[in-house]
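# Structural features, examined
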Amino acid sequence: MPDPTLQIYADPTFAMASEQFRVLADYLNLDSNIRARLIAPKRAIAVTLPVHRDDGSITVFEGYRVQHHLALGPTKGGTRFHPGVSLGEVAALAMWMSWKCALTGLPYGGAKGGVTLNPTELSRRELEAVSRRYMQEMIPFVGPHVDIMGPDMGTNEQVMAWFMDTYSVYRGFAVPEIVTGKPVSIGGTSGRREATGRGVVYLIERALNMLKLPPHQCTAVVQGFGNVGSVTALGLAYRDGMKVIGISDASSAFYNEKGIDIDAAEKHALEHGNLAGFDGADSINANELLTLKCDVLVPAAVEGVITERNAAKLQCRVLAEAANGPTTPDADRILFDRWEEIFVIPDILCNAGGVIVSYFEWVQGLQNFFWNETEIADKLFRILEQAFTAMIKRSREAKIPHRMSAMAIGVERVLAAKKSRGLFP
Ligand code: NAD
């Protein structure tokens with residue numbers, strides 16, 4: 001990270017996002033002035049959140065929001081509640097959101113937010129207090145035409161409802177379009193909860209189709225069993241008839257060569273809060289999960305799980321990056337050498353279903369006119385199809401890996417907007 005203006009973001013995830021950008025910028029032959037304008041986040045906000053705990057004590061949590069660029073419209077991005085959240089991680093996720101929104105043609109710059117905490121260690125009341133305090137601190141910096149929040153790891157519809165309520169109480173009237181991923185009862189859209197996983201499944205089907213592999217004869221392994229992982233596993237198993245042979249979450253990992261009953265796993269996770277104790281498969285070491293022999297591998301949890309240590313050992317045909325940043329740049333170089341064996345669906349495309357349906361939710365909220373779930377799914381698949389086709393076309397024509405192709409499309413669109421608008425003197 002040579003640029004001193006970026007030192008406040010020093011963090012392994014930001015280093016990953018920066019290295020991906022550097023590789024792409026070298027390929028596009030961008031000059032240093034343009035690189036600096038593209039990579040540096042426009043705004044970064046750090047806040048402290050003092051919250052009364054149930055035992056009467058006070059804990060001060062740290063929260064962040066990064067708005068990466070403002071050239072194409074308001075910024076958009078989820079909020080993460082996780083112990084690993086840092087300013088640098090949030091900045092990296094905001095940058096990826098920028099390329100993702102531009103790749104899919106959404107009129108947004110990327111943003112991301114987060115609070116450094118473990119949501120499973122907080123009571124519901126404490127979680128509500130943190131959520132409301134976070135939105136309260138963010139009020140000067142967000143708005144339906146400024147920056148729109150959504151869910152990410154560790155947050156859900158309920159947290160979005162608390163965000164929406166806090167902002168609305170401050171304004172004095174309901175402002176549902178301040179967040180996406182909220183419950184349908186307060187202006188959320190049908191199909192948002194499933195959107196990311198649904199998009200992942202659609203893109204896996206497209207990849208398998210290109211490889212001439214019938215989905216019902218394929219096997220899959222899914223890491224992470226939260227919103228994205230569970231919806232993806234359910235789709236692969238019951239929409240495509242695929243055998244899901246491996247699943248995991250932060251608590252445990254499981255393998256069953258005959259195929260796991262994903263419905264039963266989901267019921268177990270809902271009942272117990274995680275997969276620990278699930279008896280429909282054998283327990284395995286979490287590290288072994290990613291290198292199991294399978295047709296489709298779906299990392300749907302945290303960043304940096306595919307590294308230079310395991311990339312050469314992957315035994316899948318399709319790597320569907322449902323999580324943000326699951327593959328390190330070192331691993332990426334190994335995967336590029338294996339491009340004929342492994343079809344990579346890069347994260348900025350693979351998990352774009354979430355922000356695409358969030359965009360639909362925002363548009364519906366602004367115009368107070370709502371679409372049904374079939375219309376939402378249809379529009380979602382059309383946007384994903386366009387982005388997928390554009391990525392494949394450029395990758396083939398320029399003979400570059402899928403990630404580079406997808407990023408090139410996104411980065412060039414942001415650059416074109418910045419060039420058209422020019423520099424404020
Ligand atoms: P979630 O909180 O609903 O679920 C996360 C899951 O990952 C949980 O099952 C958790 O136990 C598991 N997990 C955490 N650490 C793990 C580890 N080290 N190994 C295995 N499992 C682990 O989160 P989510 O919304 O499903 O998000 C998952 C990923 O998808 C994140 O990278 C997120 O940024 C990305 N994403 C989410 C959305 C969305 O709409 N929710 C959209 C785009 C991208």
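Structural data are supplied above this passage.
Residues numbered from 1 in each chain as written. Predicted model: local features only at pLDDT ≥ 70, side-chain atom pairs only at ≥ 80, totals over all residues. Heavy atoms only, no water.

## Remarks on the site of the ligand
Definition in use: Residue proximity to a molecule or strand is established when one non-hydrogen atom of the residue lies within 4 Å of it. N or O atoms closer than or at 3.5 Å make up a polar contact, with two conditions inside protein: a donor-capable atom paired with an acceptor-capable one, and, for residues adjacent in sequence, both atoms drawn from side chains. Accessibility throughout is a Shrake-Rupley quantity obtained with a 1.4 Å probe, and a residue counts as covered only by protein chains that appear here. Only DSSP runs of H or I reaching four residues or more are called helices, and only runs of E reaching two or more are called strands; each is numbered from the N terminus. Residue polarity follows a fixed list, in which Ala, Val, Leu, Ile, Met, Phe, Trp, Tyr, Cys and Pro are nonpolar, Asp, Glu, Lys and Arg are charged, and the others, Gly among them, are polar.
With respect to spatial proximity, 22 residues lie near the ligand, and among them R80, D152, T196, N227 and N324 are the closest. T196 is positioned such that a nitrogen or oxygen atom in its side chain is 2.8 Å from an oxygen atom of the ligand. F225 is positioned with one of its backbone polar atoms (N or O) 3.1 Å from an oxygen atom of the ligand. Burial of the ligand by the surrounding chains reaches 82%, relative to a free accessible area of 830 Å². Mapped by element, the contributors of at least two residues to the shell around the ligand are α6 (192–210) and α7 (227–239). The residue inventory of the shell around the ligand, partitioned by class, reads nine nonpolar, nine polar and four charged.

## Regarding unusual backbone geometry
Quick reminder of the rule: Accessible area is worked out with a 1.4 Å probe on protein chains only. A residue is then buried under 20% of its type maximum, exposed over 50%, and partly exposed in between.
In this structure, K212 is a non-glycine residue whose phi angle is positive, near 60°. In this fold, K212 is placed in the loop between α6 and β6 (219–223). The phi angle at K399 is positive, at roughly 55°, despite the residue not being glycine. A relative accessible area of 70% places K399 in the exposed class.

## Here's the deal with the side chain of K182
Which entries qualify depends on this criterion: Note on contacts: a residue pair is in contact if any heavy atoms of the two residues lie within 4.5 Å.
Looking at where K182 falls in the secondary structure, it is placed in the loop between α5 (157–171) and α6. We classify K182 as buried; its relative accessible area is 2%. A distance of 2.9 Å separates a polar atom in the side chain of K182 from the backbone oxygen of P176. A polar contact of 2.6 Å, which involves the side chain of K182, links it to the side chain of E361. The contacts of K182, once residues within four sequence positions are left out, are E157, M160, M164, P176, G187, G188 and E361.

## Looking at the packing of aromatic side chains
To keep it simple, the criterion reads: Pairing of aromatic rings covers Phe, Tyr and Trp, the last counted by its six-membered ring, and requires centre-to-centre distances within 6.5 Å; plane angles under 30 degrees mean stacked, over 60 mean edge-to-face, and any other angle means tilted.
Applying the stated rule across the entire model yields 11 aromatic pairs. Consider the rings of Y359 and W362, whose centres lie 6.3 Å apart with planes at 35°: the pair is tilted. Placement of both Y359 and W362 in helix α12 (residues 353–367) is noted, with a separation of three residues, approximately one turn of the helix. A residue is classified by how much of its surface remains accessible, and Y359, at 22% relative accessible area, is partly exposed. Members of the aromatic cluster, connected to one another through ring pairs, are Y108, Y359, F360, W362 and W371.

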